[in-house]
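Notes for the structure review
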Amino acid sequence: MTVVLQQGINGIVLGSLYVLVALGLTLVYGVLVQINFAHADIVTLGAFSAYFFMHGLGGGYIPSIAVALLVGGILGWLMNAAIFAPLREKGSELLPLIATIGVSVMMENAMLAWFGPIPYAFDSPYSNHVMRLGGTFITLQNALIIAVSAATIALLYAFMKFTFLGKALRAVAQDRETAGLMGINPNQLVMLTFVIASALAGMAGAMLGPVLVLTPFAGTSVIVKAFAIVIIGGFGNVEGTILAGLVVGLIESYTTQYLGPGMIDIVVFVLLLLMLAVRPTGLIAERREENV
Amino acid sequence: MLSRRAAYLCATLTIAVLPLVFPDAYWRTNLIVCALNVMLAIGLDFVLGYAGQLNLGQSAFYGLGAYASTLLIMRLGLPFWVAFAAAVAFAGLAGIVLALFAMRLRGHYLAIASLGFAVITYQILLNWISLTQGPLGIYAIPPPPTLALPGLPPIGFRNLANLFYLVAGFALLSYLLLDQLIRSPIGETLTAIREDEVSAAALGINCAAWKVFAFGVGSAVAGAAGCFYAAFVGTLVPDAFFITESFTILAMVVVGGTGTLIGPVWGAILLTVLPELLRGIGDLRLVVYGVALTLVVLFIPGGLAQAARLALARLRRAEAP
């Protein structure tokens, strides 16, 4: 029983980080109907910038999360300005996706050349503080991850639901042209979405750093799961993504416990393919069905 | 323009001459890698450029071909060419299975489903240790058996030049096959599906069946490349078939020009040779794939093929004012 609970906690920690990464993909898909493959490398660069902020500049761990958030936001702005904005006029569905694969390959290999293939030991100062909860343990680091992720997700949710900008964003996601007629500038909102999405990814990177093996390819393993999550949750669907992210986190920790870590991707992706076959609109039914 | 027959003759002559121009083992190895990549790229182009389906699972079919043939040879002791035929059929079947699965999906969903397929395949190769030996890899895979033609000295494939002739010959054969398919009504059918699936269906085209067909052919070609890869390298590890390999093949197709068969050939050659020429700059040379892919999509979405056409048109205009 304790093992089940313990793995449940681990799953939620992991799941909440996946949610942060997947939410970015889903937000961008919502307004642009495009996938950003380089999202993975924003996660990785977020982790590296947090690492170098701590080990190079002697900063603290919590400020380093803010640094990663900032780096992620800037990268998102660049991605949109350099790739998505120019390609939007051409109107192809697959070209932007292929271009982001190019950016991703470029960033991964640039990081490989600069940082090398040897994993970095990214230690958080909070990993050694262990708290007891009944029969289970939770490190301060994990508690921090859950708290920061939950707060971020709640803030984002409130932003989308109650602020003018958030409403404008949802309007653009529903119908860009009509939103434009209502005096909303869709291009600015797309940019804002990109910055938010990438800032979330960068921030998730800073918190994933101590969990993952930090190499230039760290983001790739996360992003393939994030893709699975957005499809399981329904592309463009925020609630579905949160739910699916937590589910995948739990699947991952229970698979590690009972089937071995090698089975994680297999279980997650078999689930993904089953979802695609049975219910391609995602866990929570979606209005958008043009791809299925 | 060269007639097709003359073009094939030219290609055959080029293949015949290349190992003589590059006598050292290093460049002959690269020639073989070029030929393998050409097969992978034209196979993917058939699916992406003609049927219009973004398949990110090409690395999986490549790996399935390599592992299937190697295991049949080493575990069951089948002769190379029997194992080759079986592995090509197996990779083709795997492509058909993925396509049946993804029949209802389009665009991004298909891209992610095929990526998921590649991830699952990679993980199975990595974790089914009793079969594939996982990350330890399979060693001492024999090259294709010596060919004894009547009246000729035996042709051994430990010789890199002979192996190049074999692989490049099959690459040329695959090209010929795909070219014939594309020039037949099947090519028109696939292009119709690419341009507009609904209109194609309205013309009485069974889109699902033709997509399955395209996936089957494209992955069978990748499977053949996989067989030769295993026999050429002599060792197999799952890492050779990680999803990044799919991205590399995609880069070759897009840089060369999707929707033309000759474009991806040049794309594959360019992106195989260029990183070798750039060895001087260390690991940074691998950035070439990403840079080339991004720049081509942004500035010449038709790839090298489009750039060549534009350059030719400009030349003609300059000649005839």
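Fair warning: this is a prediction, and the values are worked out from it, not measured in the lab. (Residues numbered from 1 in each chain as written. Chains lettered and ligands numbered in written order. Predicted model: local features only at pLDDT ≥ 70, side-chain atom pairs only at ≥ 80, totals over all residues.)

What to know about the overall build of chain A
The helix and strand tally for chain A stands at eleven helices and two strands. Taken from N to C terminus, the helices and strands of chain A fall in the order α-α-α-α-β-β-α-α-α-α-α-α-α. For a compact globule of 292 residues, the expected C-alpha radius of gyration is about 19 Å, and chain A comes in at 19 Å, within 12% of that figure. Summarising its shape, the C-alpha atoms of chain A cover approximately 55 × 45 × 35 Å along the three principal directions. By the burial criterion, 51% of the 292 residues in chain A qualify as buried. Sequence separation of at least 24 residues holds for 76% of the intrachain contacts in chain A that already meet a minimum separation of 6. (Helix = DSSP H or I, 4+ residues; strand = E, 2+ residues; numbered from the N terminus. Rg over C-alpha atoms; globule rule 2.2 N^0.38 Å. Buried ≥ 20, exposed ≤ 12 C-beta atoms within 10 Å, placed from the backbone. Contact = placed C-beta atoms within 7 Å.)

Observations regarding the pairing of strand 2 (residues 136-139) of chain A
Looking along a regular strand, one sees the side chains alternate between the two faces of the sheet. Residues and elements named next belong to chain A. Pairing geometry for strand 1 (residues 130-133) and strand 2, over four bridges, is antiparallel. Within strand 2, the position partnered with Arg132 by the bridge is Phe137. Between strand 1 and the antiparallel strand that follows it, strand 2, lie two residues; Gly134 among them carries a positive phi value of about 65°. (Pairing = 2+ DSSP bridges.)

A short note on the nonpolar core
Counting 206 residues, the largest nonpolar core has A:Val21, B:Ala35, B:Met39, B:Val167, B:Ala251 and B:Leu293 as its most contacted members. Look past the residues within four positions of B:Ala251 in its chain and what remains in contact with it is A:Gly102, A:Val105, B:Leu271, B:Tyr289, B:Ala292 and B:Leu293. (Core = buried A, V, L, I, M, F, W, Y, C linked by C-beta atoms within 7 Å.)

Quick look at the packing of helix 4 (residues 95-115) of chain A against helix 11 (residues 243-256) of chain B
Where helix 4 of chain A contacts helix 11 of chain B, the axes come no closer than 11 Å and their chain directions differ by 125°. Relative to helix 11 of chain B, the element helix 4 of chain A is oriented oblique. Considering only the axes of helix 4 of chain A and helix 11 of chain B, their crossing is left-handed. Touching A:Ile98, A:Ile101, A:Gly102 and A:Val105 of helix 4 of chain A are B:Phe247, B:Leu250, B:Ala251 and B:Val254, all from helix 11 of chain B. The residue inventory of the contact of helix 4 of chain A with helix 11 of chain B, partitioned by class, reads seven nonpolar, one polar and no charged. (Axes fitted to C-alpha atoms, helices over the stretch in contact; angles between N-to-C directions. Parallel < 35°, antiparallel > 145°, perpendicular 65-115°, else oblique. Left-handed = near helix turned anticlockwise from the far one by under 90°. Nonpolar A, V, L, I, M, F, W, Y, C, P; charged D, E, K, R; others polar.)

Notes on the interface of chain A and chain B
The interface is formed by 34 residues belonging to chain A together with 36 residues belonging to chain B. Counting only elements with at least two residues in the side of chain A that touches chain B, the list comes to helix 4, helix 9 (218-233) and helix 11 (264-278) of chain A. No other element matches the 13 residues that helix 4 of chain A contributes to the side of chain A that touches chain B. Tallied by class, residues from the side of chain A that touches chain B come to 28 nonpolar, four polar and two charged.

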